[in-house]
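The residues making up each chain are set out below.
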Number of protein chains: 2
Amino acid sequence: MTNKPKRYSSESEFLADYDVTKFDRPSVAVNVLVFSVSNNVAENWRRTDKKSFSVLLVRRDDYPDIDKWSIPGGFIGMQETALDAAHRLLRSKAGVVGGIYLEQLYTFDDIDRDPRTRVFSIAHMALINKANLHYSGSHDVQWFDIELADGKLLLTSDDLILTDKDLAFDHAKIIKTGIERLRNKIEYTDIVFDMMPREFTLGELQQVYEIILGRKLIPAAFRRTIANKVVATEKMRTGSGHRPSVLFKKK
Amino acid sequence: MTNKPKRYSSESEFLADYDVTKFDRPSVAVNVLVFSVSNNVAENWRRTDKKSFSVLLVRRDDYPDIDKWSIPGGFIGMQETALDAAHRLLRSKAGVVGGIYLEQLYTFDDIDRDPRTRVFSIAHMALINKANLHYSGSHDVQWFDIELADGKLLLTSDDLILTDKDLAFDHAKIIKTGIERLRNKIEYTDIVFDMMPREFTLGELQQVYEIILGRKLIPAAFRRTIANKVVATEKMRTGSGHRPSVLFKKK
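Residues numbered from 1 in each chain as written. Chains lettered and ligands numbered in written order. Predicted model: local features only at pLDDT ≥ 70, side-chain atom pairs only at ≥ 80, totals over all residues. Heavy atoms only, no water.

Participant: Quick question: what am I supposed to make of the overall build of chain A here?
Facilitator: Helix and strand counts for chain A stand at five helices and 13 strands. In terms of principal-axis extent, the alpha carbons of chain A reach across some 85 × 40 × 35 Å. For chain A, restricting intrachain contacts to residue pairs at least 6 apart in sequence, the fraction spanning at least 24 positions comes to 57%. Total accessible area computed for chain A in this model is approximately 13400 Å², and 50% of it derives from carbon and sulfur atoms. Side chains of chain A give 38 positive and 35 negative charges; the mean places of these two sets differ by 6 Å. (Helix = DSSP H or I, 4+ residues; strand = E, 2+ residues; numbered from the N terminus. Contact = heavy atoms within 4.5 Å. Areas by Shrake-Rupley, 256 points an atom, 1.4 Å probe, with all protein chains shown as cover. Lys, Arg positive; Asp, Glu negative; His and termini not counted. Charge placed at Lys NZ, Arg CZ, Asp CG, Glu CD.)

Participant: I'm lost on the packing of helix 4 (residues 202-213) of chain A against helix 5 (residues 219-226) of chain A in this one. Help?
Facilitator: When two helices pack together, their arrangement is given by the angle between the helix axes and by the axis-to-axis distance. All names here are of chain A. The geometry of helix 4 relative to helix 5 is characterised by a closest axis approach of 11 Å and an angle of 95° between their N-to-C directions. Between helix 4 and helix 5, the angle is such that the two are roughly perpendicular. Counted together, L202, G203, L205, Q206 and Y209 of helix 4 and P219, F222, R223 and I226 of helix 5 form the full contact between these two elements. Tallied by class, residues from the contact of helix 4 with helix 5 come to six nonpolar, two polar and one charged. (Axes fitted to C-alpha atoms, helices over the stretch in contact; angles between N-to-C directions. Parallel < 35°, antiparallel > 145°, perpendicular 65-115°, else oblique. Nonpolar A, V, L, I, M, F, W, Y, C, P; charged D, E, K, R; others polar.)

Participant: Please explain the interface of chain A and chain B as it appears in this structure.
Facilitator: Often, the extent of an interface is quoted as the loss of accessible area on bringing the components together. Facing the 43 residues of chain A at the interface are 43 residues of chain B. Its largest share of buried area at the contact with chain B, chain A owes to R25, Y63 and M78 of chain A, together 19% of the area lost on that side. Counting across the interface, chain A meets chain B through zero salt bridges. There are 19 residue pairs in polar contact (both at pLDDT 80 or more) connecting chain A and chain B. Elements represented by at least two residues in the side of chain A that touches chain B include exactly helix 1 (11-16), strand 1 (27-41), helix 2 (82-94), strand 6 (103-108) and strand 7 (119-128) of chain A. The residue inventory of the side of chain A that touches chain B, partitioned by class, reads 22 nonpolar, nine polar and twelve charged. (Buried area = accessible area lost by both parts, 1.4 Å probe. Salt bridge = Lys/Arg side-chain N within 4 Å of Asp/Glu carboxyl O. Polar contact = N/O pair within 3.5 Å; in protein donor to acceptor, adjacent residues only side chain to side chain.)

Participant: Can you walk me through the environment of E13 of chain B in this structure?
Facilitator: Within the secondary structure, E13 of chain B sits in helix 1 (residues 11-16). When the C-alpha atoms of E13 of chain B and E80 of chain B are compared, they prove to be 27 Å apart, with 67 residues separating the residues in sequence.

Participant: Got a minute to help me understand the relation of the copies chain A and chain B in this structure?
Facilitator: The second copy of the chain is related to the first by a rotation about an axis and a shift along the axis. Expressed as a screw transformation, the operator carrying chain A onto chain B has a rotation angle of 180° and an axial translation of 0.0 Å, and the superposed copies differ by an RMSD of 0.0 Å. Given the turn and translation reported, the copies of this chain are related as if by a two-fold rotation axis. A share of 100% of the interface residues of chain A reappears at the interface of chain B, consistent with the copies meeting face to face through the same patch. (Least-squares fit on C-alpha atoms with pLDDT ≥ 70 in both.)

Participant: Mind showing me how you'd approach the pattern of salt bridges here?
Facilitator: Opposite charge on two side chains permits pairing when their charged atoms draw close. Using the criterion set out here, one finds 24 salt bridges over all chains in the structure. One salt bridge in this structure joins E199 of chain A and K235 of chain A, with 2.9 Å as the shortest N-O distance. Taken as a pair, E199 of chain A in the loop between helix 3 (171-188) and helix 4 and K235 of chain A in strand 12 (residues 230-237) lie far apart in primary sequence, 36 residues in all. A relative accessible area of 45% means that K235 of chain A is categorised as partly exposed. In this structure, the salt-bridge partner of R113 of chain B is D170 of chain B, at a minimum N-O distance of 2.7 Å. Here the residue R113 of chain B occupies a position in the loop between strand 6 (103-108) and strand 7 (119-128), and D170 of chain B occupies one in the loop between strand 11 (161-163) and helix 3 (171-188), the gap between them amounting to 57 residues. We note that R113 of chain B, like D170 of chain B, is buried. (Buried < 20%, exposed > 50% of the residue type's maximum accessible area, 1.4 Å probe, protein only.)

Participant: Whenever I open this one, the environment of V119 of chain B confuses me. Can you help?
Facilitator: Looking at the element boundaries, V119 of chain B is found in strand 7. Contacts of V119 of chain B, omitting those with residues within four sequence positions, involve S27, A29, F75, F108, R113 and D114 of chain B.

Participant: Any chance you could explain the pairing of strand 6 of chain B here in plain terms?
Facilitator: It is a general feature of regular strands that their side chains alternate between the two faces of the sheet. All names here are of chain B. Burial within strand 6 is extensive, with five of its six residues counted as buried. Strand direction decides the pairing type here: strand 6 and strand 7, joined by five bridges, are antiparallel. Across the sheet, the residue bridging to Q104 is H124, located in strand 7. (Pairing = 2+ DSSP bridges.)

Participant: Looking at this model, I keep getting lost on the confidence of the model for chain A. Mind explaining?
Facilitator: When pLDDT drops low, the exact placement of atoms in the prediction is not to be read closely. All names here are of chain A. Averaged over chain A, the pLDDT score is 89; the fraction of residues at 70 or greater is 90%. The weakest mean pLDDT in chain A belongs to strand 8 (residues 134-135) at 70; the strongest belongs to strand 3 (residues 69-70) at 98. Under the prediction, the complex receives an ipTM of 0.89, its pTM being 0.90. (pLDDT = per-residue confidence, 0-100.)

Participant: Explain the packing of aromatic side chains to me, please; I cannot follow it from the model alone.
Facilitator: How two aromatic rings sit relative to each other is given by the distance of their centres and the angle of their planes. Here the structure, examined in full by the defined rule, presents 19 aromatic pairs over all chains. Plain terms: the ring middles of W69 of chain A and F144 of chain A are 5.0 Å apart, the flat faces sit at 70° to each other, and that makes the pair edge-to-face. You can see W69 of chain A sitting in strand 3 and its partner F144 of chain A sitting in strand 9 (residues 141-149), a full 75 residues away along the chain. What links up through ring pairs into an aromatic cluster is the set Y8, F14, Y18 and F23 of chain A together with Y63 of chain B. (Phe/Tyr/Trp six-rings, centres within 6.5 Å; stacked < 30°, edge-to-face > 60°.)

Participant: Please clarify how unusual backbone geometry should be interpreted in this entry.
Facilitator: Trans is the prevailing form of peptide bonds, just as negative phi is the prevailing case for residues other than glycine. Residue and element names in this part refer to chain A. Put simply, Y63 and P64 share a cis peptide bond, and its omega is -10°. Residue position: P64 is located in the loop between strand 2 (47-59) and strand 3. Although it is not a glycine, F169 adopts a positive phi angle of roughly 45°. Here F169 shows up in the loop between strand 11 (161-163) and helix 3.

Participant: Teacher, can you tell me more about the packing of helix 3 of chain A against helix 4 of chain A here?
Facilitator: All names here are of chain A. Where helix 3 meets helix 4, the closest approach of the two axes is 9 Å, and the angle between their N-to-C directions is 150°. The angle between the axes of helix 3 and helix 4 places the two elements in the roughly antiparallel class. Crossing of helix 3 over helix 4 shows left-handed handedness. Across the interface between the two elements, L182, R183, I186 and E187 of helix 3 pack against Y209, I212 and L213 of helix 4. (Left-handed = near helix turned anticlockwise from the far one by under 90°.)

Structure representation (structure tokens):
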């Protein structure tokens, strides 16, 4: 009596006898978190310097969780990588055309996260300059400004306000994991420059850090921290009611 | 003519009609990279102060890739999380008993990484103090010292030398990804203390950084970098032919 599997005389003999249908198998999906920072429009409809941090969501048009808002995604084909599936689904679900840099965030694996079957989701993340994103606008594809307080999300678009329960599946958890990763990454990598214009003032850069970190920074300390990441150009930002400021670029 | 899926009047009606067997499905596995740093034994069998960075591998006892060395792992059950599977397989494949802290590293998804079927592997990683690890020693479970030069691995145990081609599946790639992640993490997190004894000299801590980073550090610069992570105790390390050194602990 032994639990040892039946032995074969060669790997090819083993493989010829391998029947994958004998085993329970899950499904594997991707979801793609696209984050951006952009200028707000104030309540009086004037574009302001105040920035907001936002995420691209799509409204589900089928069961399960029909009509809920979700992170663009879907099942991975048997003959494509997770990254290829992420690009394909970002195009088909959110209309995002053209290459954006995606990185793997985390694989979500709660046993009951999808009512259809066991579904793993390999979440990916992108941080972009919204001005560089080409996508087909639709009422079912929208940017939502993000606020995260006491572990709860508050997502607002021009005409909608969502909280955790308005999101499909475990997507509130995926968004929070992405925010947490981003907060770590902007402190130790150059990822923040993916969503900055080519030239920017240090004040603008600091605003982007503050909006992602969700807290105010002290200008002198901030400038020391990023001193070795940026270099001054010979240009100045003038006008718009501010003192002239030197424009910087990524070193 | 439309590609729109058939619509249902409720989610429960949709779910009752959902037949997962209509879809191609992959398999999902975990692998667990266990890294440690330990004192070397010199060629003349004297234990030295020189440390080495090592990984725990198991020899495969079945097809595919029978007899090759591999990162402990296996398939995830339909009713367990990836983390639970990682702990279960670390015990059953490598005999590791008791809790060690695991974190998700990356999900490997190359289309042909396993000859049986499409297999995703959610790799996990642990960094441990080998003295705290309880495992049943076996000739098929061994620690290998790691050298990584020009993108190639050289893994050595007491009686074996392995290179990339001696490892099962894409496990050489997984080990390299783990080393890269670890090199990033020890610079910006406290992960290094997971494999340090409670009290240590700054020289010992520097040795651990150097062995993981694979390069020498300048003592003065190193001490500035870790100054806010450690605190001096009132104890000294004496004897063993060295000048007495203050023992530190994690702050």
